[in-house]
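# Observations on chain architecture
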Amino acid sequence: MTRVIMICGKIASGKSVYAEKLCAQENAVMLSVDELVLSVLGNDLGDRHDEITDRIQDYLFRKSAEIVKAGANVLLDWGFWTRERRAAARAFYRAHGIACEFHYIDVPEGVWRRNIAIRNQAVLDGKSDAYFVDDGLMKKLESLFESPSREEIDVWFVNDWR
């Protein structure tokens with residue numbers, strides 16, 4: 001039975017690495033908001049970033065339902081940072097008769113901060129087109145992320161890669 005797998009976790013928690021491995025295991029199509037935004041619109045959306053990413057997420061929800069109905073698994077690689085967004089995503093798929101599950105990437109604080117430093121250095125070195133996480137963005141992200149409860153999550157993965 002085909003399904004949608006949604007990856008939940010903070011920025012630089014290891015979601016994309018986990019998602020790539022899971023895609024191979026599950027023979028899934030990956031849909032990533034960051035990949036689409038960075039490929040098409042670049043890294044500087046300014047004040048419109050949240051509006052544009054919300055619109056892309058809505059589009060990818062519809063596209064993922066289309067892909068599942070065509071017979072392929074889908075993996076959504078974006079953070080699902082709030083309880084409200086996680087509940088809305090689950091409700092969307094239930095309303096369309098599509099099986100879905102959440103995988104949470106739980107990352108210890110020290111590993112998370114190290115991942116951000118590595119990511120930022122890769123951006124500075126021109127080896128990555130990911131978002132650079134400065135102090136202002138870090139504060140914003142920390143204020144927005146709502147850790148999920150165990151009841152919200154189907155697979156809880158602790159990323160303690162060192």
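This text gives an overview of the structure that appears in the document. (Residues numbered from 1 in each chain as written. Predicted model: local features only at pLDDT ≥ 70, side-chain atom pairs only at ≥ 80, totals over all residues. Heavy atoms only, no water.)

### Focus: the overall build of the protein chain
Each helix and strand in the protein chain was counted, giving six helices and five strands. When its helices and strands are written in sequence order, the protein chain yields β-α-β-α-α-β-α-β-α-α-β. Against the 2.2 N^0.38 benchmark of 15 Å for 162 residues, the protein chain shows a C-alpha radius of gyration of 16 Å, consistent with a compact globule. With the C-alpha coordinates aligned to their principal axes, the bounding extent of the protein chain is approximately 45 × 35 × 30 Å. (Helix = DSSP H or I, 4+ residues; strand = E, 2+ residues; numbered from the N terminus. Rg over C-alpha atoms; globule rule 2.2 N^0.38 Å.)

### Quick notes on unusual backbone geometry
With a phi close to 50°, N27 is a non-glycine residue in the positive phi region. Here N27 is to be found in the loop between α1 (15–26) and β2 (28–31). Since its relative accessible area comes to 66%, N27 is described here as exposed. At F80, a residue that is not glycine, the phi angle is positive and equals roughly 45°. Locating F80 in the fold gives a position in the loop between β3 (73–77) and α4 (83–95). (Buried < 20%, exposed > 50% of the residue type's maximum accessible area, 1.4 Å probe, protein only.)

### Here's the deal with helix α3 (residues 49–69)
Between its first and last C-alpha, α3 extends 30 Å over 21 residues, near the 30 Å set by a 1.5 Å rise per residue. At its buried positions, α3 is contacted by β1 (3–8), β2, α2 (33–40), β3 and α4. (Expected span 1.5 Å × (residues − 1). Contact = heavy atoms within 4.5 Å.)

### Some details on the packing of aromatic side chains
Applying the stated criterion across every chain, the model contains 11 aromatic pairs. With 5.0 Å between their ring centres and 40° between their planes, Y18 and F157 make a pair best called tilted. Of the two residues, Y18 sits in helix α1 while F157 sits in strand β5 (residues 155–158), which places them 139 residues apart along the sequence. On the basis of relative accessible area, Y18 is assigned to the buried category, the value being 13%. Look at F61 and F92: their rings are 5.5 Å apart centre to centre, the planes differ by 40°, and that puts the pair in the tilted class. Of this pair, F61 sits in helix α3 while F92 sits in helix α4, and the two are 31 residues apart along the sequence. A network of ring pairs unites the aromatic residues F61, W78, F80, F92, Y93 and F102 as a single cluster. One residue, K10, lies across the ring of W112, its end atom 4.2 Å from the ring centre. (Phe/Tyr/Trp six-rings, centres within 6.5 Å; stacked < 30°, edge-to-face > 60°. Lys NZ or Arg CZ within 6 Å of the ring centre and 35° of its normal.)

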